[in-house]
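Below, each chain spelled out in residue letters.
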Amino acid sequence: MDRNQCCVKLSIRPSRGLMDEKFVVLVQNILPGSQLTVHALHQCEDGHSWQAYAHYTADATGTVNVSKDCSLGGTYSGVEPMGLLWSLGPVPGSKPGLRMRKKNVQTPMEVTISVYQDHQAENFVDLVPLAGVVVERWYMAPGVRRIPITEENLTATLFLPPGPGPFPGLLDLWGGGGQLVEYRTALLASHGIASLALDYLTPKITLETGKMVDNQYFETAYRVLQQHPQVLGSRIAMLGLSFGTCVTLKMAVYSKVMKLRCTVCISGSHVQPVDGTLEQILTFFKDNGAKTRINEKNEVIWRELLLPIPTDPSLKVDVGQLQCPLLLVVGEDDQNWPAPESATDIKEMMERAGNNHLLTVLSYPDAGHLIEPPYTPHVRASSFKTLDTRQKIMALWGGHMVAHSRAQEDAWRKMLVFLRENLYGGSNHYATSFSHL
C-alpha cells in the first residue's frame, strides 16, 4: 500500500437509514488522480453473500463523491448515487437462482462499504481495504410497531407507525410464492400507513385443513384492520403484486364489505374466472399450462398463460364497475405475467365504462416483473417453488438491471404520493426517518 494512501477517509451519510433513503459515499485524502474501487458487501440471513463494486478516479482535491462522480466500470457505470445497493449480485461461486429478500424486518440490512487501491474486479476477500464502514438500511423506522395477527384464523402481521394515530390503513398482498412477506409492509408503515401483511396462499388455516381460503378471509383481514383503534377505518387501501393483483381487483370491484379508498396493482392482471375461488383461479392458470415456455437457459416463462386477453366477460374482473382510484405499475419486459397487455385492456374497459378518470398507469420499458421497493437488487431470474407441486424451477421475471432499478425508484415515489393523496387527502402528513439518531 502506498504510504500516502494510509490516511484515506471514508464517510457515509446517513450511515443508518430507511431502505428507500439515499446515502452519500465520500472518499477523501486520496492522491489526486489515483484510481480506486468502492466495494459493497452484504451477507443475507440465508448465509449467501452479495457484492457490488465500482471504479473511480480521484479528483484534483483527492476526493471521490459517489453521488456526483462517474463510475468507470464495475457492476454499474456512470453517476449512480445508489448503484452500490441496486447492483448487488451474488458473489462469484454462489449457487444459481438466488434472490435477496429480508426475512426479519426487526434487524437492519447491513452493508460493508470498503475502498480499495486501484481498479479491482475480483478476489476482494484477499485484498486489504484502505477504509471500511458498515451501513445499516432498515425497513422499520424507529417507533414502528410489529404486531403478529392470529385472530379469526388470519396469518398476518400489522405494522403501526409511531405515535397514537389514528392512521390510514393498507392491506398488502404478495404473489404466488405464498408465505408471510413483511418488508414492503414495514416500509409502508415507516411512511405513516398502518399496513397489514397477509399470507393468503400458505396461511396456518390452509396448512392445517388443506383447504384454500375464500373471499371471507380477505374481508376478515380488512375488518381487523378497519376496527383497530389506531386505524382510520374509512381510509383503507389495498396493494397487490403479481397473483395478489387478482385478489385486489376482485375484492375492490365485487366485495360488499371492503370499501377501499384506493388500490395499487403491481405486475398483475384482471384475467380470472370472476366467480372463481382462489383454488379455481389457480386451476384456470394451470389449465393453460401448455402455453408455458422454457428458454435456452432452462428458465420458465409464464407470461403467455393468460394470453390472448379474453373477450369473455366472465373471465375478467369488470373494472368498469370500479369506484375507487387504481394505480397500475407495469414492467414492459415482464416475462411472468402479461401485465402490459392487461393494463391496455383495463384502460379500454374503463374508458368504455366512463370511469377511466380513476386510472393511473405507470409503465416502464425494460422493467421486469419483480418491481420492489427502491434499491432492491434486480434479479432477472430466480429459483421458485410452485404452489401446487412445490417443485423448484427457475422462473424468468424479466427486466434489465439499470432500467428496472430506475423503475423501482420512480414507481415507489409515485405510489407513496398516490397513497398519500387518496388516504391523507394530499398532505404529506407523515414520514419517518433515522435523521435524529
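Rules used in this analysis
- Residues numbered from 1 in each chain as written.
- Predicted model: local features only at pLDDT ≥ 70, side-chain atom pairs only at ≥ 80, totals over all residues.
- Heavy atoms only, no water.
- Helix = DSSP H or I, 4+ residues; strand = E, 2+ residues; numbered from the N terminus.
- Rg over C-alpha atoms; globule rule 2.2 N^0.38 Å.
- Contact = heavy atoms within 4.5 Å.
- Areas by Shrake-Rupley, 256 points an atom, 1.4 Å probe, with all protein chains shown as cover.
- Lys, Arg positive; Asp, Glu negative; His and termini not counted.
- Charge placed at Lys NZ, Arg CZ, Asp CG, Glu CD.
- Phe/Tyr/Trp six-rings, centres within 6.5 Å; stacked < 30°, edge-to-face > 60°.
- Buried < 20%, exposed > 50% of the residue type's maximum accessible area, 1.4 Å probe, protein only.
- Pairing = 2+ DSSP bridges.
- pLDDT = per-residue confidence, 0-100.
- Core = buried A, V, L, I, M, F, W, Y, C linked by side-chain atoms within 4.5 Å.
- Polar contact = N/O pair within 3.5 Å; in protein donor to acceptor, adjacent residues only side chain to side chain.
- Axes fitted to C-alpha atoms, helices over the stretch in contact; angles between N-to-C directions.
- Parallel < 35°, antiparallel > 145°, perpendicular 65-115°, else oblique.
- Nonpolar A, V, L, I, M, F, W, Y, C, P; charged D, E, K, R; others polar.
- Salt bridge = Lys/Arg side-chain N within 4 Å of Asp/Glu carboxyl O.

J.: A description of the overall build of the protein should follow, citing residues and the corresponding values.
T.: Counting secondary structure elements, the protein contains eight helices and 21 strands. Taking 22 Å as the expected radius of gyration for a compact globule of 437 residues, we find that the protein reaches 23 Å, a close match to that expectation. Within the protein, counting contacts between residues at least 6 apart in sequence, those at least 24 apart form 70% of the total. Carbon and sulfur atoms provide 50% of the accessible area of the protein, an area that totals close to 18300 Å². Distance from the positive charge centre (39 side chains) to the negative charge centre (42 side chains) of the protein: 4 Å.

J.: Quick one: what's the story with the packing of aromatic side chains, residue by residue and with numbers?
T.: For the coordinates displayed, the defined rule picks out 13 aromatic pairs. Taken together, a centroid distance of 5.4 Å and an interplanar angle of 55° make the contact between tyrosine 139 and tyrosine 183 tilted. Here tyrosine 139, found in the loop between strand S9 (131-138) and strand S10 (145-149), pairs with tyrosine 183, found in helix H2 (residues 183-189); they are 44 residues apart in sequence, far enough to count as distant. The class for tyrosine 139 is buried, based on a relative accessible area of 5%. Taken together, a centroid distance of 5.9 Å and an interplanar angle of 85° make the contact between phenylalanine 243 and phenylalanine 285 edge-to-face. Of the two residues, phenylalanine 243 is situated in helix H5 (residues 243-254) and phenylalanine 285 in helix H6 (residues 278-287); the sequence distance between them amounts to 42 residues. For phenylalanine 243, a relative accessible area of 2% translates into the label buried. Residue phenylalanine 285 is classed as buried on the basis of its relative accessible area of 10%.

J.: Give a detailed account of the sheet that holds strand S1 (residues 9-13), specifying residues and quantitative values.
T.: As summarised here, the arrangement of the three strands in space is S1-S3-S6, forming an open sheet in which the pairing is antiparallel. This sheet does not close on itself; its edge strands, each paired only once, are S1 and strand S6 (64-65). Relative to S6, strand S3 (residues 24-28) runs antiparallel, the two being bridged by two bridges. Counterpart to valine 27 in the pairing with S6 is valine 64.

J.: Report on the confidence of the model for the protein, specifying residues and quantitative values.
T.: This prediction gives the protein a mean pLDDT of 93; 95% of its residues lie at or above 70. Here residues 1-5 is modelled with pLDDT under 50, and outside its nearest four sequence neighbours on either side it reaches 14 contacts, counting other chains as well. Residue range residues 426-437 is modelled with pLDDT below 50. Its contacts to residues more than four positions away, or to other chains, number 33 contacts.

J.: An account of the sheet that holds strand S8 (residues 109-117) is requested, with residue identities and associated values reported.
T.: Strands pair in a sheet through their backbones, by hydrogen bonds, and they do so in one of two ways: parallel or antiparallel. Taking strand neighbours across the sheet as the criterion, the six strands line up as S2-S9-S8-S4-S5-S7 in an open arrangement whose pairing is mixed. With partners counted over all chains shown, the strands left at the sheet margins are strand S2 (16-18) and strand S7 (89-90), one partner each. Sheet topology places S8 next to S9; seven bridges connect them, and they run antiparallel. Bridge assignment links threonine 112 to a residue of S9, and that residue is valine 134.

J.: Which residues make up the nonpolar core, and what are the values?
T.: What tends to happen in soluble globular proteins is that the nonpolar side chains get buried as a cluster. Counting 72 residues, the largest nonpolar core has Val25, Val27, Val38, Leu85, Ile113, Met415 and Leu419 as its most contacted members. Excluding its chain neighbours within four sequence positions, the residues that come into contact with isoleucine 113 are Leu10, Ile12, Phe23, Val25, Val38, His39, Ala40, Leu84, Ala131, Gly132, Val133 and Val135. Ile149, Phe167, Ala221 and Ile393 belong to the second largest nonpolar core, which has 65 residues in total.

J.: Go over the environment of histidine 191, please, and point to the residues and values.
T.: Along the chain, histidine 191 turns up in the loop between H2 and strand S13 (194-198). Of the residues examined, histidine 191 reaches a relative accessible area of 10% and is grouped as buried. Expressed as a C-alpha distance, the spacing of histidine 191 and leucine 416, which sit 225 residues apart in the sequence, is 8.1 Å. Of the polar contacts made by the side chain of histidine 191, one reaches the side chain of arginine 420; its length is 3.3 Å.

J.: Residues and numbers for the packing of helix H4 (residues 215-226) against H5, please.
T.: Between two packed helices, both the angle of their axes relative to each other and the distance between the axes serve to describe the pair. Interhelical geometry of H4 versus H5 gives an angle of 75° and a closest axis separation of 11 Å. In terms of axis orientation, H4 runs roughly perpendicular to H5. Side by side, H4 and H5 meet where Asn215, Phe218 and Glu219 of the first sit next to Val247, Lys250 and Met251 of the second. Class assignment for the residues of the contact of H4 with H5 results in three nonpolar, one polar and two charged.

J.: Break down the pattern of salt bridges for me, with residues and values.
T.: In this structure the tally under the stated criterion is 15 salt bridges. Note that lysine 347 is salt-bridged to glutamate 351, the shortest N-O span being 3.0 Å. Note that lysine 347 and glutamate 351 are positioned in helix H7 (residues 339-353) at a spacing of four residues, about one turn of the helix. The exposure class of lysine 347 is partly exposed, given its relative accessible area of 41%. Residue aspartate 410 is joined to arginine 413 by a salt bridge in which the shortest nitrogen-to-oxygen separation is 2.8 Å. Taken together, the residues aspartate 410 and arginine 413, both in helix H8 (residues 401-423) and three residues apart, mark about one turn of the helix. Overall, aspartate 410 belongs to the buried group, its relative accessible area being 17%. On the accessibility criterion, arginine 413 (49% relative accessible area) is partly exposed. What you see here is one network of salt bridges that share partners, running through Asp410, Arg413 and Lys414.

J.: For the environment of glycine 354, give the residues involved together with the corresponding values.
T.: With respect to the secondary-structure elements, glycine 354 resides in the loop between H7 and strand S19 (359-364). Under the relative-accessibility criterion, glycine 354 is labelled partly exposed at 45%. In the structure, glycine 354 is positioned 34 residues away from glycine 320 in sequence and 7.4 Å away in space, judged by C-alpha atoms.

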